[in-house]
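# Results of the structural survey
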Amino acid sequence: MQLALLARLLSVGRAVLAALRGRLGALCWSLAPLPLPLPGWRDSAPRPQREQEWDETPPTPTSVNYHFTRQCNYKCGFCFHTAKTSFVLPMEEAKRGLAMLKEAGMEKINFSGGEPFIQDRGEFVGKLVQFCKQELELPSVSIVSNGSLIRKQWFEKYGEYLDILAISCDSFDEDVNILIGRRQGKKNHVENLHKLRQWCREYAVAFKINSVINRFNVEEDMNEQIKALNPVRWKVFQCLLIEGENSGEDALREAEKFVISDEDFDRFLERHKDVSCLVPESNQKMRDSYLILDEYMRFLNCRNGRKEPSKSILDVGVEAAIKFSGFDEKMFLRRGGKYVWSKADMKLDW
């Protein structure tokens with residue numbers, strides 16, 4: 001009789017714990033039932049559901065891309081982060097968000113756009129770079145820019161705080177750059193690229209090149225030019241369609257005419273396989289392996305082919321927002337997202 005009563009009490013206890021687990025989520029793992037073979041009791045949480053709960057553990061924001069502005073002075077036809085707003089967070093709010101990301105585990109921040117140097121003639125991004133390196137002590141601080149608005153005075157003031165400067169260059173033929181939309185006025189994009197390369201040497205900033213491979217440059221041979229510039233990394237992206245940005249009815253760009261096949265992309269990579277700094281990124285690798293923050297500090301989920309924003313980390317915190325980012329941490333590591341990204345560790349011959 002006493003054993004029966006004890007079994008019944010234990011059964012009731014199990015039911016209470018199961019209910020708590022459903023309401024408290026991951027916290028209830030510490031209260032999970034012991035594996036006792038009690039008669040009449042059945043685990044109310046099936047094994048597949050438990051595994052799913054573990055899989056939903058928020059990823060660590062090790063490397064974050066902060067697109068703090070959408071404004072740009074170029075009109076690249078395949079751009080997938082277009083000027084749909086002109087909003088830029090106030091400096092102190094941006095710093096608050098960056099500090100929250102550091103607290104959550106961020107090691108690398110990449111400032112992008114739009115064009116980062118368009119805001120306050122580069123002073124805005126310069127102050128953020130200095131804050132992240134000097135105050136937050138991040139191992140790596142980088143910028144992606146088209147390079148057209150960068151002045152030597154910027155390097156004099158902020159160069160010591162910047163680990164990597166990535167310049168977007170899709171072609172070494174100026175006519176092709178014009179077709180793509182990577183030009184403003186009469187400034188020669190390729191000539192400016194070489195000037196920036198020299199400034200990076202002078203001010204000990206690691207130099208990187210980003211290229212989007214598309215219908216207008218897919219047959220180009222860039223071996224000689226890339227080897228001469230000798231960047232630490234040459235990121236080669238396959239042209240990507242994002243609905244609402246460069247594709248679809250509400251888009252500001254029509255990138256369909258730039259799209260290439262996987263086979264075309266593979267042929268370009270094969271042509272440049274001897275470039276040691278080549279880092280290829282197909283559409284498959286790119287879509288879910290980046291943590292992207294927009295101008296409101298919302299994570300952008302691209303899993304469904306368009307950018308679906310989370311709530312801002314400033315309102316709900318990093319852990320709550322990042323759950324909706326669609327970020328694939330395994331793909332991030334598989335594509336080589338974590339590398340030697342601090343210039344102090346690169347041992348470059350400046």
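Every value quoted in this text rests on a predicted model; they were computed, and no experiment measured them. (Residues numbered from 1 in each chain as written. Predicted model: local features only at pLDDT ≥ 70, side-chain atom pairs only at ≥ 80, totals over all residues. Heavy atoms only, no water.)

## Brief notes about a positive patch on the surface
Condition: Like-charged residues are merged into a patch within 9 Å and nonpolar side chains (Val, Leu, Ile, Met, Phe, Trp, Tyr) within 5 Å, provided each residue has over 30% relative accessible area and no salt bridge. Residue-level accessible areas treat just the shown protein chains as cover; the underlying method is Shrake-Rupley with a 1.4 Å probe. Take a side-chain nitrogen of Lys or Arg and a carboxyl oxygen of Asp or Glu: if they are within 4 Å of each other, that pair is a salt bridge. For the charge count, each Lys or Arg is scored as positive and each Asp or Glu as negative, with His and the chain ends excluded. For charged residues, the charge sits on one atom: NZ in Lys, CZ in Arg, CG in Asp, CD in Glu. Numbering goes from the N terminus for both helices and strands, where a helix is a DSSP run of H or I of at least four residues and a strand is a run of E of at least two.
Together, Arg121, Arg151, Lys187 and Lys195 give the surface a local cluster of positive charge. With respect to the helices and strands, lysine 187 occurs in the loop between α6 (174–180) and α7 (189–202).

## Considerations on the packing of aromatic side chains
The relation between two aromatic rings is expressed through the spacing of the ring centres and the mutual angle of the planes. Convention followed: Centres within 6.5 Å make a pair out of two Phe, Tyr or Trp rings, where for Trp the six-membered ring is used; the pair is then stacked when the planes are under 30 degrees apart, edge-to-face when over 60, and tilted otherwise. Charge-over-ring contacts are defined here by two conditions on Lys NZ or Arg CZ: a distance within 6 Å of the ring centre and an angle within 35 degrees of the ring normal.
Throughout the structure, instances matching the rule amount to 15 aromatic pairs. Considering the side-chain rings of phenylalanine 216 and phenylalanine 258, the 5.2 Å spacing of their centres and the 65° angle between planes classify their relative orientation as edge-to-face. Of this pair, phenylalanine 216 sits in the loop between β5 (206–213) and α8 (223–229) while phenylalanine 258 sits in the loop between β6 (233–238) and α9 (262–271), and the two are 42 residues apart along the sequence. Taken together through their ring pairs, the aromatic side chains of Phe117, Trp154, Phe155, Tyr158, Trp199 and Tyr203 make up a single cluster. The aromatic ring of tyrosine 339 is capped on one face by arginine 233, whose charged end is 3.6 Å from the ring centroid. The ring of tyrosine 290 carries arginine 335 above its face, with NZ or CZ at 3.8 Å from the centroid.

## Let's talk about the nonpolar core
What counts, and what does not: Here, nonpolar core refers to any group of buried Ala, Val, Leu, Ile, Met, Phe, Trp, Tyr and Cys residues whose side-chain atoms link them within 4.5 Å. Working definition: with a 1.4 Å probe on protein chains only, accessible area under 20% of the residue-type maximum means buried, over 50% means exposed, and in between means partly exposed. Note on contacts: a residue pair qualifies if any of its non-hydrogen atoms lie within 4.5 Å across the two residues.
Core analysis: the largest hydrophobic core is formed by 66 residues, its most contacted members being Tyr66, Leu98, Ile109, Phe111 and Trp234. The residues contacting isoleucine 109, other than those within four sequence positions of it, are Val64, Tyr66, Leu98, Cys132, Leu138, Ser140, Val141 and Ser142.

## Here's the deal with α9
Operational definition: The arc refers to the directions leading from the helix axis to the C-beta atoms.
What α9 keeps buried is the set Phe265, Phe268 and Leu269. All buried residues of α9 project into a common sector of 100° when viewed along the axis, lining one side.

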